[in-house]
Amino acid sequence: MTWSILARDEKSGRFGIAVTTCAFAVGARVPFGIGRIGIIATQSFVNPLIGVDGMRLLQDGATAQEALDIVVKADPGAGLRQAHIMDRDGNIAQFTGDACVPWAGAVRAPNISVAGNMLANAHVVAATLDQYLASANRDFDDRLLAALEAGQAAGGDKRGKQSAAIRIWDRDVFPVIDIRVDDHAEPLIEMR
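Let me begin by describing the structure that accompanies this report.

Basis of the calculations
Along every chain, residues carry numbers that run from 1 in the direction the sequence is written. Owing to the predicted nature of the model, reporting of local features is limited to residues with pLDDT of at least 70; listing and counting of side-chain atom pairs is limited to 80 or more, with chain, interface and lining totals taken over all residues. Working from all heavy atoms in the structure, the side-chain values ignore hydrogens and water. Two aromatic rings, drawn from Phe, Tyr or Trp (for Trp, its six-membered ring), form a pair once their centres lie within 6.5 Å of each other, and the interplanar angle then sorts them: stacked below 30 degrees, edge-to-face above 60, tilted otherwise. Either the NZ atom of lysine or the CZ atom of arginine qualifies as a charge over a ring when it sits within 6 Å of the ring centre and within 35 degrees of the ring normal. A pair of strands is treated as paired once DSSP finds two or more bridges between them. Counting from the N terminus, the helices are the DSSP runs of H or I reaching at least four residues and the strands are the DSSP runs of E reaching at least two. Inter-axis angles, ranging from 0 to 180 degrees, are taken between N-to-C directions of lines fitted to C-alpha atoms, where helices are fitted over the stretch in contact. Contact definition: two residues touch when any of their heavy atoms are within 4.5 Å. Note on classification: 1.4 Å probe, protein chains only; a residue is buried when its accessible area is under 20% of the maximum for its type, exposed when over 50%, partly exposed between these limits. Roughly parallel means an angle under 35 degrees; roughly antiparallel, over 145; roughly perpendicular, 65 to 115; everything else is oblique. Left-handed describes a crossing whose near helix is turned anticlockwise from the far helix through less than a right angle; right-handed describes the clockwise counterpart. Amino acids are sorted into nonpolar (Ala, Val, Leu, Ile, Met, Phe, Trp, Tyr, Cys and Pro), charged (Asp, Glu, Lys and Arg) and polar (every other residue, Gly among them). Here the expected span of a helix is defined as 1.5 Å times the quantity of residues minus one. Read the arc as the range of directions from the helix axis to the C-beta atoms. Whenever a nitrogen or oxygen atom comes within 3.5 Å of another N or O atom, the pair is scored as a polar contact, on the condition that within protein one atom can donate a hydrogen and the other can accept it, and that pairs from neighbouring residues in sequence are kept only if both atoms are in side chains.

Focus: the packing of aromatic side chains
Aromatic rings in a pair are described by how distant their centres are and how their planes are angled relative to each other.
Inference 1: Evaluated as defined, the whole model comprises zero aromatic pairs.
Inference 2: The ring of Tyr 132 carries Arg 143 above its face, with NZ or CZ at 3.8 Å from the centroid.

Here it is in structure tokens:
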């Protein structure tokens, strides 16, 4: 029901998450982060404890993979979940449960992770990643939004559109950019 991109901006060191879905208020449930510590997107029948507990583990020094392994093991509904994590060093861990609604999966490149489920096709995550890589000359927030727009053009959430969010963290526990469209027929256009 969702796809998201996690990235670390090479220029500023900021972490960012952009996400969109055909469900209400995705920005309130999916993205978690702390500046200079890491970021997490928990999606597909969201379990917010993956974000809360995962961030605590990252703060305590766990790597992305260590944190993901712990939160997935603790979740009795893990087969329905999807999550991806980036730690302070840019390490990426991805998980897609075997009961996620197809198409579901993830792709990655250095400092970038894209994951999605209930998507029209695999091209959604590939187009999101490709656009992010191709737009290095843009500002970080615009680069994240352009990546989601490319994924939407490739088919997006197979049920349609409803909400989107971009959150970017610099050095603090709170985001320096927190843009949400909670309920709109064209959430990505509304974010512009």
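As for the sheet that holds strand β2 (residues 15-21)
Inference 1: Spatial ordering of the open sheet is given by β7-β8-β1-β2-β9-β10, a layout of six strands whose pairing is antiparallel. Both edges of this open sheet fall to β7 (105-109) and β10 (177-181), since each of them pairs with a single strand only. The mean inter-strand angle of the sheet, taken between neighbouring strand axes irrespective of direction, is 5 degrees.
Inference 2: The pairing of strand β1 (residues 2-8) with β2 spans seven bridges and is classified as antiparallel. Residue pairing across strands places Leu 6 opposite Ile 17, the latter belonging to β2.
Inference 3: Packed onto the sheet, helix α3 (residues 123-134) meets β1, β7 and β8 (112-117) and runs at close to 155 degrees relative to β8.
Inference 4: Set on the sheet, helix α4 (residues 140-153) makes contact with β1, β2, β9 (163-169) and β10; between it and β1 the angle comes to about 150 degrees.

A closer look at unusual backbone geometry
Inference 1: The step from Pro 102 to Trp 103 runs through a cis peptide bond, and the omega angle for that step is -15 degrees.
Inference 2: Relative to the assigned elements, Trp 103 resides in the loop between β6 (92-96) and β7.
Inference 3: Phi at Arg 36 is positive, roughly 65 degrees, even though this residue is not glycine.
Inference 4: Along the chain, the position of Arg 36 falls in the loop between β3 (31-34) and β4 (38-43).
Inference 5: Taking the relative accessible area as the measure of exposure, Arg 36 reaches 29% and is therefore partly exposed.
Inference 6: Even without being a glycine, Met 118 presents a positive backbone phi close to 55 degrees.

Re the packing of helix α1 (residues 48-59) against helix α2 (residues 64-73)
When two helices pack together, their arrangement is given by the angle between the helix axes and by the axis-to-axis distance.
Inference 1: Where α1 contacts α2, the two axes come as close as 9 Å, and the packing angle between them is 140 degrees. Taken as axis vectors, α1 and α2 run oblique relative to one another. Where α1 crosses over α2, the handedness of that crossing is right-handed. Within the contact between the two elements, α1 uses Ile 50, Asp 53, Gly 54, Leu 57 and Leu 58 and α2 uses Ala 64, Ala 67, Ile 70 and Val 71.
Inference 2: Residues of the contact of α1 with α2, tallied by class, amount to seven nonpolar, one polar and one charged.

Let's talk about α1
Inference 1: Between the first and last C-alpha of α1 there are 17 Å, a value that for twelve residues agrees with the 16 Å anticipated at 1.5 Å per step.
Inference 2: Among the residues of α1, those classed as buried are Ile 50, Gly 51, Gly 54, Met 55, Leu 57 and Leu 58. When α1 is viewed along its axis, its buried side chains cluster within an angular range of 160 degrees and face the same direction.
Inference 3: Residues of α1 that are buried sit in contact with β3, β4, α2 and β5 (82-87).
Inference 4: Where α1 begins, the side chain of Asn 47 points an oxygen toward the backbone nitrogen of Leu 49, at a separation of 2.9 Å.

Some points on the pairing of β2
Inference 1: Burial analysis of β2 places seven of its seven residues in the buried class, the great majority of the element.
Inference 2: Residues Phe 15, Ile 17, Val 19 and Thr 21 of β2 are buried on one face, and the alternating residues Gly 16, Ala 18 and Thr 20, pointing to the opposite face, are buried as well.
Inference 3: The turn joining β1 and β2, which pair antiparallel and follow one another in sequence, is formed by six residues; a positive phi near 80 degrees is taken by Gly 13.
Inference 4: Pairing analysis gives seven bridges linking β2 to β9, with the strands arranged antiparallel. Its bridge partner lying in β9, Gly 16 is registered against Ile 168.

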